[in-house]
Amino acid sequence: MFTILEKRSLAEGIWLMKINAPRVAHAALPGQFVIVRATERGERIPLTIADFDAAEGSVTIVTQAIGVSTRKLCALEAGDALVDFAGPLGRPSEFVSLPLDELRRRRYLFIGGGVGTAPVYPQVKWLHDRGVEVDVIIGAKTRDMLIYTDEMRAVASHLHIATDDGSEGFKGLVTALLDELVARGARYDECVAIGPMVMMKFVALATRKHALKTTVSLNALMVDGTGMCGACRVTVGGKTRFTCVEGPEFDGHEVDFDEAMRRQGMYRSEEQRRAAIEAERAAGHVCRIGLDK
Amino acid sequence: MANKIPRVPVREQDPALRATNFEEVCHGYDLREAMLEASRCLRCKNPRCVAACPVGIAIPDFIAALHAGDLRTAAETIARDSSLPSICGRVCPQETQCEGSCVLGIKGEPVAIGKLERFVGDWKLEQDTAVDAAPRNGRRVAVVGSGPAGLACASDLAKMGYEVKIFEALHKVGGVLVYGIPEFRLPKERIVAREIEEVKKLGVEIETDVIVGRTLTVDSLLDEEGYDAVFIGSGAGLPRFMGIPGENLNGVVSANEFLTRANLMHAYDAEYDTPIYVGSRVVVVGGGNVAMDAVRTARRLGAEATIVYRRSEKELPARAEEVHHAREEGIEFRLLTNPVEVLGDERGWVRGLRCVEMELGEPDASGRRSPVEKPGSEFDIACDVAIMALGTSPNPLIASTTAGLDTTRRGCIAADELGATSREGVFAGGDAVTGAATVILAMGAGRTAARAIDEYVRAKAAKSAE
Ligand SMILES: Cc1cc2nc3c(=O)[nH]c(=O)nc-3n(C[C@H](O)[C@H](O)[C@H](O)COP(=O)(O)OP(=O)(O)OC[C@H]3O[C@@H](n4cnc5c(N)ncnc54)[C@H](O)[C@@H]3O)c2cc1C
Ligand code: FES
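Residues numbered from 1 in each chain as written. Chains lettered and ligands numbered in written order. Predicted model: local features only at pLDDT ≥ 70, side-chain atom pairs only at ≥ 80, totals over all residues. Heavy atoms only, no water.

Colleague: Tell me what's going on with the overall build of chain A, and back it up with residues and numbers.
Modeller: Summing up its helical and strand segments, chain A has ten helices and 17 strands in all. In terms of C-alpha radius of gyration, chain A reaches 19 Å, essentially the compact-globule figure of 19 Å for 293 residues. If you line up chain A on its principal axes, its C-alpha atoms span 65 × 40 × 40 Å. The buried share among the 293 residues of chain A stands at 54%. Considering only contacts in chain A between residues 6 or more positions apart, those separated by 24 or more positions represent 62%. In the structure as shown, chain A presents an accessible area of about 12400 Å², 51% of it carried by carbon and sulfur atoms. Between the averaged position of the 37 positive side-chain charges in chain A and that of its 39 negative side-chain charges there is a distance of 4 Å. (Helix = DSSP H or I, 4+ residues; strand = E, 2+ residues; numbered from the N terminus. Rg over C-alpha atoms; globule rule 2.2 N^0.38 Å. Buried < 20%, exposed > 50% of the residue type's maximum accessible area, 1.4 Å probe, protein only. Contact = heavy atoms within 4.5 Å. Areas by Shrake-Rupley, 256 points an atom, 1.4 Å probe, with all protein chains shown as cover. Lys, Arg positive; Asp, Glu negative; His and termini not counted. Charge placed at Lys NZ, Arg CZ, Asp CG, Glu CD.)

This is the structure we're talking about:
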C-alpha cells in the first residue's frame, strides 16, 4: 500500500503529498514521473515527481484539484493510502547523464509555472547538490498561488518571481521576465521550462529568439504510461513520439505545441459529462435526463 | 454412426440484444450438450487434431472421458498440456488448429473441440480444488509480466517447489486477458480472476505497479534481490500506427488505447472515472482479433461501426467466430480498402478517412497475395472516431535496460526453443519473443521455459555443490 505520510496545502487547491513508495524513491531521477490511482475505480493519473528521498523511501507529488480524479486524490488525507503508485516512468532529464565537469561549466535557467514549479524543484536540487549554478523563475497568477518559493531559494543561485498581477516580484508573464533578464545581460546555456502547455509554448518562442536551447516537460494525456497505448503521442521535430517512454522532456523548439494542446483537450467534454454526473450524485440527485447513459 | 449427429449448436445471446451489453456472447454447452457433442468424436488412431494443437493436448482422450461423464479425468487430461483451458477454449483460433484438422470437417462439421475444452475448463474452475503447495526447494524465480506466458511459467515453477514472484507493470494482473480481450468474449471476474486465484493458491506472489526496466531491472532482481533466474513474459504491447497524414488528429486512437480504456479502466461503466470517446460513427482499421474486439466494443457503446481492411475476407486474421459474431451484430466490413489519409475538421477532430480500393496481386515469397492499390480509386468514409488496429510489437524497455540481452531484428527478445536468452539465468517466452501471437502459444512457451529454468537452477546448484 502506498500510504500518504504527509499532506499539506501549498496554495488554494494545490496539495503536496509525501507517499511511502520505497521502490520508486530508490529508482527515481530528476525529470521522471509516476502514475497514480487514488481509488479503486479511479483513473491512472500521471504526475511529475516533485521530490524523492531514497533513504526515507518516500516520493513527493504535488497536485492541483481540477478534475474529477485530481479532486478525489486531493481528498485523501495523511494516513490514507493510494491504491496504485507506479514509476518512476519516462526518461530522466538529459543533464543527469552529462559529465560533472561539463555540467559545472553550464548555466541553467529553470522556469516553473503554477503547479509546474513543483517538478522543477528536484531538478534544481539535483544540480545544486553537484555544484551547478542554477537560476530559477517561478511564475503564478498572484502571490497566494506561488508555491515552493522557500525550498527553491535554498537551492537556486538566483530566484526570480513573476506574478501576473504584480502582487509579488516582477509584474507580468515569465516570458517577459525572461526577456528582461537576457536584456540585463544574463547568459544561459540551457533553459528548462515546466508548466502549463501554453506557458511552455511561449517560453519556447521567446528562447528561440535568444537562441537558447530549451527543454520542456510535456504533460500529455496518458493511460498506461509504459508505451502501450499511444494516448500520449506528440509531434516533435515532425515525428510522432510517445511522451511516456520517449519523454516527458523534449526539445521545446521542436514540439508542435498547438497539436499538443488540442490533444490534451480530447476528453474534455467527456470529463465534463462525468463531472456533472458526479456532482448530481454528490447532491443526492438521481439522474433522470439520461446524463449517465 | 456417431458422426451422423450434426454438431451440437451452442447457445448464444441474441445478436440484437448483445450489441447493447458487455455480457458474454456465448453461453457454452451444458453437460448434456457437451456429452452429446463429445459422442461425435471418432477417436482417430492418429489424431490430426493433437498434431495441430500448439501444445499437443490429448484431445480424443479428454473428449472420451467427457463422453463417459468423467469430468475429473477430462480435466486432468487437458491439464497435462494446458493450464488455461477455460480461456483457450474461448479464444484459440480453433478453425486453424485442432478443429481445422478434424477428420469430420472434411465432409461435415468438425467436433466443437474448443467449446468442449471450455466446458471442461469451466467445470474445473467450479470445483474447490484444494491444491497442496509443493514443498519449497529454497530457490527463487522472478517472473516479469502477468499475461498467459508469465502465469503459466509461474504456476509450473510453484508446483515444482520454487518460490515465485510475478512483477506486473499495470495495476491489474492478466496481461492482454484483462486489458485487451473484452468482457463479452472473456469474462473477467468469472474466468480470468479465478484462473489467477488458482495461480495464487499455489503460493505465487504477485506485485503490481512494478515496471521492470524502470522501477527495478533484471540485473537488480538477480544481483540485489537474490533471484536464481528471471523469466520475461512482457508481451508485445506497443501499438503500431500507419504513418499517414492526420493520424494525430483528435479522435484517432490505437485499438490498445480504446480497449484499455474500455476493459482495464472500465470506461464503459459510469461508476468508473476513466473517460472514453466513441462518437456516433467509428471506423476500425485492421482485420485481426484486436480490430474485431475494438469494433464490437464501439458498437456496444452505441456507435455505428465499420471495419476497414486492406485484404479480402479470406485473409482476415481474426478468429472465424469473431468475424461471424461481428457481422451478426451489425458491423459493416469494407474489405480491400486501405486508408491513405485521416481527414480533419477545423477543430482538429477526425471527420473521415480517405481510402483507396485494393486488389490482391501475385503471391509474395510467403505465399500471401499482397494487396495493391487500384489507381484512381480514392474515396472518403465519414467517421468521428478512427481506431488503428494494425498490430503491436514488443516494448524495448527491458531489452534496452538489460546488458547483454539480445534482440532480433524485429525487436523481439532472442530466445531458443526452450526460452533461454543470451543472458545466463534469463529466460523469455510468449509475445515478447514471437511478436504478437496467441494465448496458447504464450502459455506453452511459459511452461516450456519453466522446465528449462528448473534444469538451469538444478545444474547450477549441482555445480556449486561440487
Ligand atoms: C485485443 C486482443 C485480442 C486478442 N485476441 C486473441 C484471441 O482471440 N486468441 C488468442 O489466442 N490470442 C489473442 N490475442 C493475443 C494474445 O492475447 C497474446 O498473444 C497473449 O496474451 C500473449 O501473452 P503474453 O503473456 O506473452 O503477453 P501479455 O498478455 O501481453 O502480457 C504481458 C504482461 O507483461 C506486462 N509487462 C510488460 N512490460 C513489462 C515490464 N517492463 N515490467 C513488468 N511488466 C511488464 C504487461 O503489462 C502485461 O500484463 C489478442 C490480443 C489482443 C491485444
Ligand atoms: S501513455 Fe500509453 S503509450 Fe504513453
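Colleague: How would you sum up the sheet that holds strand β1 (residues 2-11) of chain A? Please name residues and give values.
Modeller: Sheet strands pair by backbone hydrogen bonding; their relative direction is either parallel or antiparallel. All names here are of chain A. Taken together, five strands build an open sheet; the order of strands is β5-β6-β2-β1-β7 and the sheet is antiparallel. The open sheet is flanked by β5 (51-53) and β7 (81-82), the only strands paired with a single partner. Strand direction decides the pairing type here: β5 and strand β6 (residues 58-64), joined by three bridges, are antiparallel. The residue of β6 that forms the bridge with Asp 53 is Ser 58. (Pairing = 2+ DSSP bridges.)

Colleague: Can you explain the interface of chain A and chain B? Please cite residues and give values.
Modeller: Counting residues at the interface gives 47 residues for chain A and 44 residues for chain B. When chain A packs against chain B, close to 3900 Å² is buried across both sides, 50% of that on carbon and sulfur atoms. Counting across the chain A and chain B interface gives four salt bridges. Of the charged contacts, one joins Glu 207 of chain B and Arg 23 of chain A as a salt bridge, the two residues approaching to 2.8 Å between their closest N and O atoms. Summed over the shared surface of chain A and chain B, the result is 24 residue pairs in polar contact (both at pLDDT 80 or more). Only α1 (22-27), α2 (68-74), β8 (84-89), β15 (233-236), β16 (239-242), α9 (257-264) and α10 (268-282) of chain A provide two or more residues apiece to the side of chain A that touches chain B. The greatest single-element share of the side of chain A that touches chain B, amounting to six residues, is contributed by β8 of chain A. (Buried area = accessible area lost by both parts, 1.4 Å probe. Salt bridge = Lys/Arg side-chain N within 4 Å of Asp/Glu carboxyl O. Polar contact = N/O pair within 3.5 Å; in protein donor to acceptor, adjacent residues only side chain to side chain.)

Colleague: Could you give an account of the domain arrangement of chain A, naming the residues involved and the relevant values?
Modeller: All names here are of chain A. For chain A, the assigned domains are domain 1 (2-88), domain 2 (97-212) and domain 3 (218-267). Computed from C-alpha coordinates alone, the two centres of domain 1 and domain 2 are separated by 24 Å. Of the residues lining the interface, 17 residues belong to domain 1; the matching set on domain 2 comes to 14 residues. Contact between domain 1 and domain 2 buries roughly 1200 Å² in total, counting both sides, with carbon and sulfur atoms accounting for 68%. Here domain 1 and domain 2 share one salt bridge between them. Across the pair Lys 125 and Asp 51 runs a salt bridge whose closest N-O atoms are separated by 3.1 Å. Taken together, the connections running from domain 1 to domain 2 amount to one residue pair in polar contact (both at pLDDT 80 or more). The biggest single contributor to the side of domain 1 that touches domain 2 is β6, with four residues. Partitioning the side of domain 1 that touches domain 2 into residue classes produces nine nonpolar, five polar and three charged. (Domains from an automatic or database assignment. Nonpolar A, V, L, I, M, F, W, Y, C, P; charged D, E, K, R; others polar.)

Colleague: For the confidence of the model for chain A, give the residues involved together with the corresponding values.
Modeller: Per-residue confidence for chain A averages 91 on the pLDDT scale, and 92% of its residues sit at or above 70. Within the model, pLDDT remains below 50 along residues 286-293 of chain A, and this stretch shows nine contacts once partners closer than five positions in the same chain are excluded. (pLDDT = per-residue confidence, 0-100.)

Colleague: Tell me about the sheet that holds strand β7 (residues 281-285) of chain B, residues and numbers included.
Modeller: Residues and elements named next belong to chain B. Spatial ordering of the open sheet is given by β6-β14-β7-β8-β9, a layout of five strands whose pairing is parallel. Since the sheet does not close on itself, it has two edges, and those belong to β6 (252-254) and β9 (332-334), each with one partner. Between one strand and the next, the sheet's axes are offset by a mean angle of 25 degrees, whatever the strand orientation. Packing of helix α15 (residues 289-300) onto the sheet brings it into contact with β7, β8 (304-308), β9 and β14 (385-388), and relative to β8 it is tilted by some 165 degrees. (Axes fitted to C-alpha atoms, helices over the stretch in contact; angles between N-to-C directions.)

Colleague: Describe in detail the pattern of salt bridges, supporting the description with residues and values.
Modeller: Residues and elements named next belong to chain B. In this structure the tally under the stated criterion is 57 salt bridges over all chains. The salt bridge partner of Glu 304 is Arg 281, with a shortest N-O separation of 3.7 Å. A residue pair is termed long-range when its members are at least 10 positions apart, and Glu 304 in strand β8 and Arg 281 in strand β7 qualify at 23 residues. Via salt bridges that share partners, Arg 18, Lys 115, Arg 185, Asp 293, Arg 296, Arg 300, Arg 319, Glu 321, Glu 322, Glu 328 and Glu 329 belong to a single interconnected network.

Colleague: Account for a negative patch on the surface, with residues named and values stated.
Modeller: All names here are of chain A. There is a patch of like negative charges on the surface, built from Glu 12, Asp 144, Asp 164 and Asp 165. If you trace the backbone, Glu 12 turns up in the loop between β1 and β2 (14-20). Assessed through its relative accessible area of 68%, Glu 12 is described here as exposed. (Patch = residues over 30% accessible without salt bridge, like charges linked within 9 Å, V, L, I, M, F, W, Y side chains within 5 Å.)

Colleague: Tell me about the pairing of β8 of chain A, residues and numbers included.
Modeller: Every regular strand shows the same layout, with side chains that alternate between the two sheet faces. All names here are of chain A. Burial analysis of β8 places six of its six residues in the buried class, the great majority of the element. Pairing analysis gives four bridges linking strand β3 (residues 33-37) to β8, with the strands arranged antiparallel. Bridge pairing in β8 places Ile 35 opposite Ala 86.

Colleague: Pulling in residues and values, what's your account of the domain arrangement of chain B?
Modeller: All names here are of chain B. One can read the domain layout of chain B as domain 1 (2-127), domain 2 (140-237 + 393-465) and domain 3 (241-390). Taken together, the contacts link 15 residues of domain 1 with 13 residues of domain 3. Summed over both partners, the interface of domain 1 with domain 3 comes to about 1200 Å²; 48% of that surface belongs to carbon and sulfur atoms. Here domain 1 is connected to domain 3 by three salt bridges. A salt bridge links Arg 18 to Glu 329; the shortest N-O distance between them is 2.5 Å. Joining domain 1 to domain 3, the criterion identifies twelve residue pairs in polar contact (both at pLDDT 80 or more). Considering only residue class, the side of domain 1 that touches domain 3 consists of seven nonpolar, three polar and five charged.

Colleague: Describe the side chain of Thr 243 of chain A, listing the residues and the values that go with them.
Modeller: Mapping Thr 243 of chain A onto the fold places it in helix α8 (residues 243-246). Setting aside chain neighbours within four positions, we find Thr 243 of chain A in contact with Leu 218, Ala 220, Met 222, Cys 232, Val 234, Pro 248 and Phe 250 of chain A.

Colleague: Describe empty space enclosed by the protein, naming the residues involved and giving the relevant values.
Modeller: Residues and elements named next belong to chain B. Throughout the structure, instances matching the rule amount to eleven cavities of 30 Å³ or more. Size it by volume and the largest cavity reaches roughly 130 Å³. Of all the secondary structure elements, the ones that give two or more residues to the lining of the largest cavity are α3 (48-52) and α4 (59-67). Ranked by residues supplied to the lining of the largest cavity, first place goes to α4 with three residues. The class makeup of the residues in the lining of the largest cavity is 13 nonpolar, one polar and two charged. (1 Å grid on protein atoms, 1.4 Å probe; cavity = no way out; pocket = protein on both sides within 12 Å on 5 of 7 lines; lining within 4 Å. Points joined across faces, edges and corners; volume = space filled by probe spheres on them.)

Colleague: Give me the lowdown on the side chain of Arg 261 of chain B, citing residues and values where you can.
Modeller: Examined against the element boundaries, Arg 261 of chain B turns out to sit in helix α14 (residues 255-264). Here Pro 275 of chain B takes part through its backbone oxygen, which lies 2.9 Å from a polar atom of the side chain of Arg 261 of chain B. Once residues lying within four places of it in the same chain are set aside, the contact partners of Arg 261 of chain B are Val 223, Ala 231 and Tyr 267 of chain A together with His 266, Ala 267, Thr 274, Pro 275 and Ile 276 of chain B.

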